[in-house]
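Architecture and fold: a report
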Amino acid sequence: MRLSDAPNGASFLVTAVTLGSEVGKRLADMGFTNGAEGAVVRSGFFNGVIQVRIRGYDILIRHYEAAGIEVEPVGDWSAAHDAHQWFAGHRRAQLAREARLGQLHHQHHHHHHPRQQNGHNQHGHYGHHDHTKGEEQA
Amino acid sequence: MKTIRIALAGNPNAGKTTLFNALTGAHHKVGNYPGVTVEKREGEVQRGKTTYRFIDLPGIYSLTAYSIDEVVARDFILDEKPDVIIDVLDSTNLERNMYLCLQFQELGIPVIGALNMSDEAAAKGIRIDDALLSKTLGLPLVKTVGSKSTGIDALFCAIDDATDDAAIAKSDASDSAQKRITYGTEVEEKIAAIEKMLDSDAAFAQKYPVRFLAVKLLEKDADAHKRLEEHSDVSSINAAVRKATAWLDAHFARDSQVVISEQRYGYIRGAVKESVVIETQSDFSLTEKIDSVIMNRFLSLPIFLLILWGVFKITFALGEYPMGWLETAFGFLSDAVTNVLGDTLLQSLIVDGIIAGVGGVFSFIPQVVILFVLLSILEDTGYMSRAAFATDKILHAFGLHGQSIFPLMLGFGCAVPAVMASRTLKNPKDRILTILVTPFITCGAKLPVHILLAGTFFPGNAANMLMLIYLLGVIFALVIAKLHKSTILRGEPTPFVMELPPYRAPTALGIWWHVWEKTSQYVKKAGTIILACAVVVWAITTFPQYPSGEGDMTDATEVQATQAALEYSYAGRAGKAIEAVFKPLGFNWRLAVATITGFPAKEVVVSTLGILYKVGTEEDEESEGLREAFASDPTMSPFVAFIFMLFTMIIPPCFAALATIKAEIGWKWLAFEFVFLLALGWLVCFAVFQLGALGGLA
């Protein structure tokens, strides 16, 4: 699971930062390391900035950075408070679908990333995760 | 008599500057770090026979630098080698704050930890056993409260202990010397091997802390690799580092740079577990309550706009009074000078040139100060991170970054501090982009031009016209940002990683300090560039003097006489000569001259128009005489006035702003910006005027 999949209010344990290069290092410097516990506090409108609580303080990251952090759910994510707010039905259905799709769930989120739509300059300073490349070739 | 150089370092939001103020009192001076415009704050304190020189470094999260601020802090520590580092630690957030501390401990420089904001921690139920923590980490710790000057004496004692040779020798012998983290057997092996290779060049090993550099090389730190170039045996060390990182990557099944971060956090977790007890659940309640409204996904943006609107409202409402007083004061000054000197050239220089030019700028200082006070309050309370949260999505859509919001907001006051504030942006392209679009934001100096034109030609709608021009400025900034981002500054979107500090009450001293820094830049500009320009404008509108006693001028009114003199002057001649360039925009020669004289500073546009339309000594945008003369000019119309406002908004900013842009991003970008804005301004106004002319507006 990736941090970007976590609904508001969900708790998690970090397993790894898969973003490479400087951003990945900065996230690790800021406390996103294996075993660190945290929670998603809230997210901005339209998949905007996400507020994450980690190591006792709050940090803002974008959806893109969150997608580069592998996490393990703590507790039941579908019971997180976001699941009972607006679009709750949509959100629950999405989580259920993702659970069914298992490995394939990564691709489900791809249309949220403008970068992959633009497609230009894939060799910028971001590291890639494997599924990004897979999507490009597909 | 000895001098100890102490670097004050720590995470942003750890209360570093407050502690610096408490340590140094009022005795500090602000300079710049060589080559960059990051302010360097230094303060000296005399105690007994020792001089303590404190240097306040920009806030940093890690010695693997990320933004320019962090580069400056790291370079200072590595190159200037302070005698002692005081690491200011936020006691309410020890885990992440200790992360930087561990890196300091590897430098071979004595480190003292200041457990700052210890009162806040106590209130939150965080109990820190500082003696035990100090023992675990092998580092002197002092509990401090910067805002109440608590723990200052203890800090001075700790500095004395850390630099007292006898004490150090004793502690070395007793084996309680400064400890440092060990990264586990595998990593330590690699570090030791690289350390040994680095040691082979004695001069290099003398210059740099070898262990620190070895760790940084394994962390794939770009700067460490750059410094390695100075080593006599670069290539074999590089090969060894590559081999070591590849091995670590494989062994830990993740990036070695992350492995080292994990080890550090693991070590901290161990130390903190023993000595920090959190009695009550971490309490975010007040901040959380406020944020649940202010950072609500639907309300955050409207609230941001409301706050921005409120800031303007207060600025203009409050600023009006002192502005009037200053104008009156300058009026008295002009009269006094005229009384003493009579109708001479010197009087004309002082009154028409210097007082009119510089005074015009000074009368805007109250508004600029009020705006900066309000923005500093927003900054110090922690609202700016919320503003970035609220606006990032929109700014991102236009190629900007959420962190661009603070520079852009400062741009409403003055472009100089706004351009400087962009250095918190990590990515050079984001910085350049933010700097390039900042001039579109209507600053305090362009305001009088707009007030004059809107007030004269749109008497019933002046306020709406002002709003429109402000709004157009923002729209231009966004659209041009998008244009640059998809052409010359194309690139990957940059990451957004930003701490969200809890709300804190701003301190009066902190606000004063911020406002002083920003206002002094504005005042400096008034005292130098604008003074020079005012004299130049005066000279070109005065010389060559109209030959007196020439024929038909005898029965002319005074106004006609001065207008004739103006047309005869260099400015008048130049204006007529370049009129052709401005004709397609609908501008007469007076507007052309005002544009030219307004290049150094936009306020000069108003005083130039004043001089050109009616020998104005103290013309300002409220002046009835100027407005009448201006409005009765047959070549002027509301439409032309609007185009001139548009033109003023787009064309290059004042010299002071241009100089700051040059200092931040270099000549090349400055040249580009200048030509681009000039061409854009001309083309947009040309298009608008010609379209309007077709539609019968002109």
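Quick caveat, the model's predicted, so the values are computed rather than measured.

1. Overview of the overall build of chain B
- When its secondary structure is counted, chain B shows 32 helices and 10 strands.
- Over its C-alpha atoms, taken along the principal directions, chain B stretches across nearly 100 × 55 × 55 Å.
- For chain B, with 698 residues in total, the buried portion stands at 56%.
- At a minimum sequence separation of 6, the contacts of chain B that also span at least 24 residues come to 75%.
- As displayed, chain B offers around 28500 Å² of accessible surface, 63% of which is attributable to carbon and sulfur atoms.
- In chain B, 60 positive and 74 negative side-chain charges are present, and the distance between their average locations comes to 6 Å.

2. Focus: the overall build of chain A
- When helices and strands are counted, chain A shows six helices and five strands.
- For chain A, the N- to C-terminal ordering of α and β elements is β-α-β-β-β-α-β-α-α-α-α.
- Taking all 138 residues of chain A together, the buried fraction comes to 54%.
- Carbon and sulfur atoms make up 53% of the accessible area of chain A, which totals about 5900 Å².

3. As for the pattern of salt bridges
- Summed over all chains, the structure comprises 36 salt bridges over all chains.
- The shortest N-O distance in the salt bridge between Arg96 of chain B and Glu499 of chain B comes to 3.2 Å. Taken together, the positions of Arg96 of chain B in helix H3 (residues 94-104) and Glu499 of chain B in strand E10 (residues 497-500) put the pair 403 residues apart, joining distant regions of the chain.
- Looking at Glu499 of chain B, the relative accessible area reads 8%, which means it is buried.
- Here the residues in one salt-bridge network are Lys25 and Asp29 of chain A together with Lys216, Glu219 and Arg264 of chain B, joined through shared partners.

4. Section: the packing of helix H15 (residues 300-341) of chain B against helix H17 (residues 365-381) of chain B
All names here are of chain B.
- Contact geometry of H15 with H17 gives a least axis separation of 7 Å together with a crossing angle of 150°. For the element pair H15 and H17, the recorded crossing hand is right-handed. Along its contact with H15, which presents Ile307, Val311, Ile314, Thr315, Phe316, Leu318, Gly319, Glu320, Pro322, Met323 and Leu326, the element H17 presents Pro366, Gln367, Ile370, Leu371, Leu374 and Leu378.

5. Considerations on empty space enclosed by the protein
Residue and element names in this part refer to chain B.
- Scanning all chains against the criterion turns up seven cavities of 30 Å³ or more.
- Forming the walls of the largest cavity are Phe312, Thr315, Phe316, Phe364, Gln367, Val368, Leu371, Phe412, Gly413, Gly444, Leu447 and Tyr470.
- Listing elements by their share of the lining of the largest cavity, those giving two or more residues are H15 and H17.
- Within the lining of the largest cavity, the residues separate by chemical class into eight nonpolar, four polar and no charged.

6. Some details on the interface of chain A and chain B
- Chain A puts 44 residues into the contact, and the matching count from chain B is 49 residues.
- With both sides pooled, the region where chain A packs onto chain B buries about 4300 Å², and carbon together with sulfur makes up 56% of that total.
- Ranking the residues of chain A by area buried against chain B places Arg26, Phe45 and Arg62 of chain A at the top, with a combined share of 18%.
- At the junction of chain A with chain B, the criterion picks out seven salt bridges.
- Between Arg26 of chain A and Glu70 of chain B there is a salt bridge; the shortest N-O distance is 2.8 Å.
- Our enumeration of links across chain A and chain B arrives at 18 residue pairs in polar contact (both at pLDDT 80 or more).
- When residues of the side of chain A that touches chain B are traced back to their parent elements, those giving at least two are helix H1 (21-29), strand E2 (37-43), strand E3 (50-54) and strand E4 (57-61) of chain A.
- Tallied by class, the residues present in the side of chain A that touches chain B amount to 14 nonpolar, 17 polar and 13 charged.

7. Quick notes on helix H10 (residues 210-218) of chain B
Residues and elements named next belong to chain B.
- Of all nine residues in H10, nine are buried; the element is thus mostly enclosed.
- All of the buried residues along H10 are Val210, Arg211, Phe212, Leu213, Ala214, Val215, Lys216, Leu217 and Leu218.
- Looking at the residues trailing H10, positive phi occurs at Lys220, about 60°.

8. Describing the packing of H10 of chain B against helix H13 (residues 256-275) of chain B
Residue and element names in this part refer to chain B.
- Between H10 and H13, whose axes approach to 8 Å, the crossing angle comes to 125°. In terms of orientation, H10 lies oblique with respect to H13. Counting all contacts with H10, which are made through Val215, Lys216 and Leu218, the residues of H13 involved are Ser256, Gln257, Ile260 and Arg264.
- Taken together, the residues of the contact of H10 with H13 sort by class into three nonpolar, two polar and two charged.

9. A closer look at unusual backbone geometry
- Cis peptide bonds are those with omega within 30 degrees of zero, and the linkage from Phe543 of chain B to Pro544 of chain B qualifies with -15°.
- Residue placement: Pro544 of chain B occurs in the loop between helix H24 (508-542) and helix H25 (558-568).
- A positive phi angle is found at Arg55 of chain A, which is not glycine, with a value near 50°.
- Along the chain, the position of Arg55 of chain A falls in the loop between E3 and E4.
- Residue Lys81 of chain B is not a glycine yet carries a positive backbone phi of 45°.

10. A short note on the nonpolar core
Residue and element names in this part refer to chain B.
- In this structure, Phe304, Phe440, Phe587 and Phe630 are the most contacted members of the largest nonpolar core, which totals 108 residues.
- Take this core: its biggest share by element is 11 residues, from helix H30 (residues 638-650).
- In this structure Phe440 touches Gly473, Phe476, Ala477, Ile480, Met649, Ile650, Leu677 and Leu680, once residues within four positions along its chain are discounted.
- Listed in part, the 59 residues of the second largest apolar core include Ile60, Cys101, Ile181 and Val215.

11. With respect to the side chain of Thr442 of chain B
- Positionally, Thr442 of chain B belongs in the loop between helix H21 (428-437) and helix H22 (447-457).
- In this structure, Thr442 of chain B is in contact with Gly411, Phe412, His450, Ile469, Tyr470 and Met649 of chain B, ignoring residues within four places of it in sequence.

12. Some details on H1 of chain A
- With seven of nine residues buried, H1 of chain A is to be regarded as a mostly interior element.
- Of all the residues in H1 of chain A, the buried ones are Val23, Gly24, Lys25, Arg26, Leu27, Ala28 and Asp29 of chain A.

13. Thoughts on the sheet that holds strand E1 (residues 11-17) of chain A
- Pairing in this open sheet of six strands is antiparallel, and the strands run E5(A)-E1(A)-E2(A)-E3(A)-E4(A)-E10(B) from one edge to the other. Each edge of the open sheet carries a strand with a single partner, namely strand E5 (69-74) of chain A together with E10 of chain B. Sheet twist, expressed as the mean angle between neighbouring strand axes with direction ignored, is 40°.
- Sheet topology places E2 of chain A next to E3 of chain A; five bridges connect them, and they run antiparallel.

14. Some remarks on the confidence of the model for chain B
Residues and elements named next belong to chain B.
- Residues of chain B with pLDDT of at least 70 account for 90%, and the chain-wide mean is 85.
- Looking over chain B, one finds the lowest element-wise mean pLDDT in helix H7 (residues 165-173), namely 59, and the highest in strand E5 (residues 84-90), namely 95.
- Every residue in residues 173-177 scores below 50 in pLDDT, and together they form three contacts with partners more than four places removed in sequence or on other chains.
- Interface predicted TM-score (ipTM) for the complex: 0.83; the corresponding pTM is 0.80.

15. Concerning the packing of aromatic side chains
Residue and element names in this part refer to chain B.
- This structure, assessed with the given rule, holds 19 aromatic pairs over all chains.
- Ring centres of Phe412 and Tyr470 lie 5.9 Å apart, and the angle between their planes is 35°; this geometry places the pair in the tilted category. Highlighted residues: Phe412 in the loop between helix H19 (405-410) and helix H20 (415-421) and Tyr470 in helix H23 (residues 462-485), separated in sequence by 58 residues. In this pair, the class of Phe412 matches that of Tyr470, namely buried.
- Taken together, a centroid distance of 5.3 Å and an interplanar angle of 80° make the contact between Phe587 and Phe644 edge-to-face.

Here is what the cut-offs are and how they apply
- Within any chain, residue numbers begin from 1 and follow the written order of that chain's sequence.
- All chains are assigned letters beginning with A, and all ligands numbers beginning with 1, in the order in which they are written.
- Local features are withheld for residues below a pLDDT of 70 in this predicted model, meaning they are given only at 70 or higher, and side-chain atom pairs are given and counted only at 80 or more; totals for whole chains, interfaces and linings count all residues.
- For the side-chain quantities, the full set of heavy atoms in the structure was used; hydrogens and water were omitted.
- Each helix is a run of DSSP H or I of at least 4 residues and each strand a run of E of at least 2, with the numbering of both proceeding from the N terminus.
- Accessible area is worked out with a 1.4 Å probe on protein chains only. A residue is then buried under 20% of its type maximum, exposed over 50%, and partly exposed in between.
- When checking whether two residues touch, look at their non-hydrogen atoms; a contact exists if any pair is within 4.5 Å.
- Areas reported here follow the Shrake-Rupley algorithm with a probe of radius 1.4 Å; residue values treat only the protein chains shown as occluding.
- We score Asp and Glu as negative and Lys and Arg as positive, and we do not count His or the chain ends.
- A charge is said to be at NZ when it belongs to Lys, at CZ for Arg, at CG for Asp and at CD for Glu.
- Salt-bridge detection follows one rule: a side-chain nitrogen of Lys or Arg within 4 Å of a carboxyl oxygen of Asp or Glu.
- The angle between two axes is taken between their N-to-C directions and runs from 0 to 180 degrees, where each axis is a line fitted to C-alpha atoms and a helix contributes only its stretch in contact.
- Should the near helix be turned anticlockwise from the far one by less than a right angle, the crossing is termed left-handed; should it be turned clockwise, right-handed.
- Buried and open spaces are told apart on a 1 Å grid over the protein atoms alone, a cavity being a set of points where a 1.4 Å probe fits but cannot get out and a pocket being an open set with protein on both sides within 12 Å along at least five of seven lines. Residues with an atom within 4 Å of a point are the lining residues.
- Grid points are joined across faces, edges and corners, and a volume is the space filled by probe spheres set on the points.
- Amino acids outside the nonpolar list (Ala, Val, Leu, Ile, Met, Phe, Trp, Tyr, Cys, Pro) and the charged list (Asp, Glu, Lys, Arg) are all regarded as polar, and Gly is one of them.
- Two parts placed together each lose some accessible area under a 1.4 Å probe, and adding up what both lose gives the buried area.
- Within 3.5 Å is the distance limit for a polar contact, defined as a pair of N or O atoms, with the added protein rule that one can donate a hydrogen and the other accept it, and that residues adjacent in sequence qualify only through two side-chain atoms.
- Roughly parallel refers to an angle under 35 degrees, roughly antiparallel to one over 145, roughly perpendicular to one between 65 and 115, and oblique to any angle outside these ranges.
- Nonpolar cores were defined as sets of buried Ala, Val, Leu, Ile, Met, Phe, Trp, Tyr and Cys residues, with membership established by side-chain atoms within 4.5 Å.
- When DSSP finds at least two bridges between two strands, those strands are taken to pair.
- Confidence of the prediction at every residue is given by pLDDT, a number between 0 and 100.
- Only the six-membered ring of Trp is used, alongside the rings of Phe and Tyr, when aromatic pairs are assigned; centres must lie within 6.5 Å, and planes under 30 degrees apart are stacked while those over 60 apart are edge-to-face, with the rest tilted.

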